[in-house]
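Observations on the three-dimensional arrangement
Residue-level listing of the chains:
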Amino acid sequence: GVFVRFGPEADAHWEEEKQKMNVTSDIENDFYFRYPSFQDVHVMIFVGFGFLMVFLKRYGFGAVGFNFLLAAFGIQWALLMQGWFHSFKSGKILIGVENLINADFCVGSVCIAFGAILGKTSPIQLLVMTLFQVTLFSVNEYILLNLLHVKDAGGSMTIHTFGAYFGLTVTRILYRPNLEQSKDKQGSVYHSDLFAMIGTLYLWLYWPSFNSAISEHGDAQHRAAINTYCSLAACVLTTVAFSSMLQKKGKLDMVHIQNATLAGGVAVGTSAEMMLTPYGSLIVGFISGIVTTVGYVYLTPFLESRLHIQDTCGIHNLHGMPGLIGGIVGAITAAAATEDIYGKEGIIKAFDFTGPYQTRTPSVQGGFQAAGIVVSLLMAFAGGAIVG
Amino acid sequence: GVFVRFGPEADAHWEEEKQKMNVTSDIENDFYFRYPSFQDVHVMIFVGFGFLMVFLKRYGFGAVGFNFLLAAFGIQWALLMQGWFHSFKSGKILIGVENLINADFCVGSVCIAFGAILGKTSPIQLLVMTLFQVTLFSVNEYILLNLLHVKDAGGSMTIHTFGAYFGLTVTRILYRPNLEQSKDKQGSVYHSDLFAMIGTLYLWLYWPSFNSAISEHGDAQHRAAINTYCSLAACVLTTVAFSSMLQKKGKLDMVHIQNATLAGGVAVGTSAEMMLTPYGSLIVGFISGIVTTVGYVYLTPFLESRLHIQDTCGIHNLHGMPGLIGGIVGAITAAAATEDIYGKEGIIKAFDFTGPYQTRTPSVQGGFQAAGIVVSLLMAFAGGAIVG
Amino acid sequence: GVFVRFGPEADAHWEEEKQKMNVTSDIENDFYFRYPSFQDVHVMIFVGFGFLMVFLKRYGFGAVGFNFLLAAFGIQWALLMQGWFHSFKSGKILIGVENLINADFCVGSVCIAFGAILGKTSPIQLLVMTLFQVTLFSVNEYILLNLLHVKDAGGSMTIHTFGAYFGLTVTRILYRPNLEQSKDKQGSVYHSDLFAMIGTLYLWLYWPSFNSAISEHGDAQHRAAINTYCSLAACVLTTVAFSSMLQKKGKLDMVHIQNATLAGGVAVGTSAEMMLTPYGSLIVGFISGIVTTVGYVYLTPFLESRLHIQDTCGIHNLHGMPGLIGGIVGAITAAAATEDIYGKEGIIKAFDFTGPYQTRTPSVQGGFQAAGIVVSLLMAFAGGAIVG
């Protein structure tokens, strides 16, 4: 009530604002650029993440219900926290559809962390974790986007890397040896698998919207959707191939199909809006599908038995490692940018080399992108340790 | 065949029309302003309402199937009825995407009423009810929007209040004492609850599209989406809190989660496109979550035992009371409008104070809004009694 | 890597391109015209077709999973194949959102054929079939759209007719007498029916997006959505009526509800973007609902026992016959076009009577449309025989 007001494009004064800004048509309102993508992201957070976790036999309903609760709580807190850091103008937080998308993104990172500790915590503990994680997410995002001037439209670093390693640190601290005995709870059943496929498919289908939702208007949104589409398609094939190869009888493991097929979207999160090209996207999707599938087979049991990290839904495989890949691919793609590929004006628009960043070169940008990965990891470990 | 023609923006003559209207770009076509919202509303009516009612053990499939049938029938009749009242020009009904949305809205009110009588009626009876309810809906809508010049973009009055009290009157008249004996049919089972959550989530997620679908282009649509988003988020939290408080062991009642979380969308239906502000939306969502949850716990049993109103899905809690709240909040928000908040041109655009309504003041508008609630109630009771 | 590049509207050079083309606003990017429809089509292919086939008791999970696999594989191959035929400029395939839609469309025809052979083939065989069918689809599409200059925005001929008769030819060649013994596998169960309804509803709801996704900007997209909406609504009613009439006890057959309700969308695939008028759409939906329901009751058993065509999901009823109806309705609607109905400029825009086709008349266009049906059938039979 004290801080939040409508942004200029959602305020009834827009009629006058339009004339000042020389905008001739209502269709120029940011609402029409971003609302369809917002709705897709919204579905991903609540239906996608919620149902993805239903594959666990006993946690099924709780997964959807608690995901609903913590996400609905988180978006309100995120509107405030992100508002203070990003949309604070003359004492007020001015919100529009982009803030709604960002709030959903922020909560996405909480849903990821939730995947690691599912079955270990009470609803109240989840809300407390949400409160702190949203706060830390906003601080980390502020450091990356505003201080380091890093590009991360699909959130490989801010959402996936941060969310995954935050959740893994929390679950490490909440380690419970007895949990292993009730491991049969983690089995899956036929209908639960079909419900989980609803979650998987909606995440997979709408990921191009996720990675393009807050990109610059025009070609950047267009490009982000195409790159993500290509990466995801390639990822499905390598996942199926490797899942079949790594099983003794060549049978497909449903958990791989439900999760590893999504790694391609995570791994182009940073670079999707850049000139990664469809071919580059296919390669990234190809690699991330392999890494994630191998992770489920070898790394998750290792993490649990040796490092005492109980990763219920395997978020290290789906968000941790692909998130890191995404950050690295983003740094390389940024460093490799040239005026030849982007055009003179294109490169300025793509990396926002304006104002104080006017003199930054693509290779320097690549360095800052890499620094963003490190900062996200440190924030995740430190934050997870305290909150856990 | 006699009446319906394409509206100018869907007709092949548009190419010439554009030049006359000095429209320079195809993107100015109303299709691009409203089609994404239309699809969201479409999903709400058929998937949302259909699956929401699946939580009942035995009626599951019937709920989805009959909902499909009556909605598909209703939209055709609604296109005609609403067309005569709203889009009738020189002997023809000119339809465009806004008519499709309005037809879906109209059918939404039938789906609401269906929730009260589920399990009591045959398919043929449902079709007869649809035929009459669509007709009465169109008359009521005409009185409100055209005669009283009331604003009701999200349909708190026309859709929810009218639909709920119409359905409750019908179910009162169809009272069957024996129905109570087969009450175990109304129990819910694990997988049905997950299906019902699909309905709940799609309604919850797409409600911002519902309330903004037929608002004015530009800031009004933008604002309606933001207000609804905030109200719904707040509503989830109070629902969970009160559901937990009112149960003996503090356990959550799934029926509350599946229904009361949606009350926030109903309760900002009228005011979402106004300058309700995010804070105001949070308050409305907060209150409606409480009212609905308390309604499920105390009011539904009372209505059934004392007033012989068998409300199968609890539509009085989810649509009746929040619809009334929505009408009242709309009347207050309209009456409180000032040129300071809306801007000189903004207030004229927001309430359409043009032509014969040029001299209407916000406080008078508030009075007419309040009259709209009363008219909707009267139409619902009278219509429901006759049709029942 | 060798061929595919971003099209001008997805390339970072767009900033400069815009100035050359005198485009003043980012909203003019094709992304904003087509992306919402693309996402709806995407959901139809992966969720719609996948879950529609879940109604079969034993094949449930396989249907969703294999559909996912073959579609993800197919869209990559389709981007290349269709690119060579349609978007090949100075040695490069330039892709944009329209290519993504077309790739999904192409894969849609594979999903249709998959419905006929479900339960007969291994995943590897499916991938081989996908490889060849995508190739043949692209060739057929090239002949129709480029050589015959036929209009087929919703793909009645290229997608449905071709896909269905291709699949039926394949299943005829793969005829296995023993399959009948395990016919109980084809029974349906309660929860599977609800999952199948998810598939049905998403196909039904998003079909207006399917038929309008690649139509011309502006009125054509608008009109295609309205026509499809009307046809689908009418189709639901005739399906329910005839399903009830043809069963002995008047009970509804779930398979009819899940499938025949969609025939209306298939049958206006070619003509939806033309001036079919809402009334014409209702008639087409009315007829196709009857044909499909009658087909399920009488034709499928006949095909299996006499012609040894085992059509697991009944694609001949849902895609074959309505696809033919769609082609015929399209030919008639095109032949009946006049300047009076379309306007002087409208008729040129609607049928693209420009360049070498400047002198083509509507009646000649109707003839070519009819030729398109024949070509699609021949390609399907020949291709299916070889691939089978």
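The structure reproduced in this document is the subject of the present report.

Parameters and conventions
- Residues numbered from 1 in each chain as written.
- Chains lettered and ligands numbered in written order.
- Predicted model: local features only at pLDDT ≥ 70, side-chain atom pairs only at ≥ 80, totals over all residues.
- Heavy atoms only, no water.
- Contact = heavy atoms within 4.5 Å.
- Buried area = accessible area lost by both parts, 1.4 Å probe.
- Salt bridge = Lys/Arg side-chain N within 4 Å of Asp/Glu carboxyl O.
- Polar contact = N/O pair within 3.5 Å; in protein donor to acceptor, adjacent residues only side chain to side chain.
- Least-squares fit on C-alpha atoms with pLDDT ≥ 70 in both.
- Helix = DSSP H or I, 4+ residues; strand = E, 2+ residues; numbered from the N terminus.
- Axes fitted to C-alpha atoms, helices over the stretch in contact; angles between N-to-C directions.
- Left-handed = near helix turned anticlockwise from the far one by under 90°.
- Nonpolar A, V, L, I, M, F, W, Y, C, P; charged D, E, K, R; others polar.
- Buried < 20%, exposed > 50% of the residue type's maximum accessible area, 1.4 Å probe, protein only.
- Pairing = 2+ DSSP bridges.
- Expected span 1.5 Å × (residues − 1).

**Considering the interface of chain C and chain A**
Residue-level contacts link 51 residues of chain C with 57 residues of chain A. Taking both partners together, chain C and chain A bury about 4,600 Å²; carbon and sulfur atoms supply 73% of that area. Where chain C meets chain A, there are two salt bridges. Residues Lys349 of chain A and Asp26 of chain C are paired through a salt bridge, measuring 3.9 Å at the closest nitrogen-oxygen approach. The tally of links from chain C across to chain A stands at 20 residue pairs in polar contact (both at pLDDT 80 or more).

**Section: the relation of the copies chain C and chain A**
Superposing chain C onto chain A requires a rotation of 120 degrees together with a translation of 0.0 Å along the rotation axis, leaving an RMSD of 0.0 Å. Taken together, the turn and the small shift mark the pair as related by a three-fold rotation axis. Looking at the rotation axis and the C-alpha trace of chain C, the residue lying nearest is Pro36 of chain C, at 3.6 Å. A share of only 16% of the interface residues of chain C reappears at the interface of chain A, consistent with the copies meeting through non-equivalent patches.

**With respect to the side chain of Asp219 of chain A**
Relative to the elements of secondary structure, Asp219 of chain A occurs in helix α8 (residues 219–246). The contacts of Asp219 of chain A, once residues within four sequence positions are left out, are Lys349 of chain A together with Glu9, Ala10, Asp11, Ala12, Trp14, Glu15 and Asn29 of chain C.

**Considerations on the packing of helix α4 (residues 97–117) of chain B against helix α6 (residues 156–173) of chain B**
All names here are of chain B. Remark: α4 packs on α6, axes separated minimally by 8 Å, with the N-to-C direction vectors making an angle of 35 degrees. As α4 runs across α6, the sense of the crossing is right-handed. Here Phe105, Gly108, Ser109, Ile112, Ala113, Ala116 and Ile117 of α4 lie close against α6, whose contacting residues are Ile159, His160, Phe162, Gly163, Ala164, Phe166, Gly167, Leu168, Val170 and Thr171. Here the residues of the contact of α4 with α6 sort into eleven nonpolar, six polar and no charged.

**Remarks on the relation of the copies chain B and chain A**
Mapping chain B onto chain A calls for a rotation angle of 120 degrees and an axial translation of 0.0 Å; the resulting RMSD is 0.0 Å. Each copy contacts the other with its own distinct surface, as only 14% of the interface residues of chain B are interface residues in chain A too.

**So, the pairing of strand β3 (residues 92–95) of chain B**
Residue and element names in this part refer to chain B. Burial of the side chains of β3 is restricted to one face: Ile93 and Ile95 are buried, whereas none of Lys92 and Leu94 on the reverse face is. Bridge count for strand β1 (residues 4–6) against β3 is three bridges, and the pairing is parallel. When the bridges of β3 are listed, Val4 appears paired with Ile93. As paired strands, strand β2 (residues 88–89) and β3 are joined by two bridges and run antiparallel to one another. Of the residues in β3, the one forming a bridge with Phe88 is Ile93.

**Considering the interface of chain B and chain A**
If you look at the interface, chain B gives 57 residues, while chain A gives 51 residues. Summed over both sides, the interface of chain B with chain A buries roughly 4,600 Å², with 73% coming from carbon and sulfur. Its largest share of buried area at the contact with chain A, chain B owes to Leu205, His222 and Tyr229 of chain B, together 16% of the area lost on that side. Scanning the region where chain B abuts chain A turns up two salt bridges. Between chain B and chain A we count 20 residue pairs in polar contact (both at pLDDT 80 or more) in total.

**A look at unusual backbone geometry**
Residue His308 of chain A is not a glycine yet carries a positive backbone phi of 55 degrees. Looking at the element boundaries, His308 of chain A is found in the loop between α11 (277–307) and α12 (315–335). Not every positive phi belongs to a glycine, and His149 of chain C is a case in point at roughly 55 degrees. In this fold, His149 of chain C is placed in the loop between α5 (123–147) and α6 (156–173). Exposure remark for His149 of chain C: the relative accessible area of 11% places this residue in the buried category.

**Here's the deal with the pattern of salt bridges**
Opposite charge on two side chains lets them pair, provided their charged atoms get close. Scanning all chains against the criterion turns up 24 salt bridges over all chains. Two residues, Lys18 of chain A and Glu15 of chain A, come together in a salt bridge whose shortest N-O distance is 3.7 Å. With Lys18 of chain A and Glu15 of chain A both in helix α1 (residues 14–21) and three residues apart, the pair spans about one turn of that helix. With relative accessibility at 9%, the residue Lys18 of chain A sits in the buried group. Here Lys349 of chain C ties to Asp219 of chain C by a salt bridge, and the two come within 3.5 Å at their closest N and O atoms. Here Lys349 of chain C is found in helix α14 (residues 344–351), whereas its partner Asp219 of chain C is found in helix α8 (residues 219–246), with 130 residues between them in sequence. The exposure class assigned to Asp219 of chain C is buried, which follows from its relative accessible area of 4%.

**With respect to the packing of helix α4 (residues 97–117) of chain A against helix α8 (residues 219–246) of chain B**
For the pair α4 of chain A and α8 of chain B, the least separation of the axes is 10 Å and the interaxial angle reads 30 degrees. Here Val97, Leu100, Ala103 and Asp104 of chain A of α4 of chain A come into contact with α8 of chain B, specifically with His222, Ile226 and Tyr229 of chain B. For the contact of α4 of chain A with α8 of chain B, a count of residues per class yields five nonpolar, one polar and one charged.

**With respect to helix α15 (residues 362–387) of chain A**
Residue and element names in this part refer to chain A. An ideal rise of 1.5 Å per residue puts 38 Å on 26 residues; α15 measures up with 37 Å between its terminal C-alpha atoms. Among the residues of α15, those classed as buried are Pro362, Gln365, Gly366, Gln369, Gly372, Ile373, Ser376, Leu377, Met379, Ala380, Gly383 and Gly384. Buried residues along α15 sit in contact with α5 (123–147), α6 (156–173), α12 and α14 (344–351).

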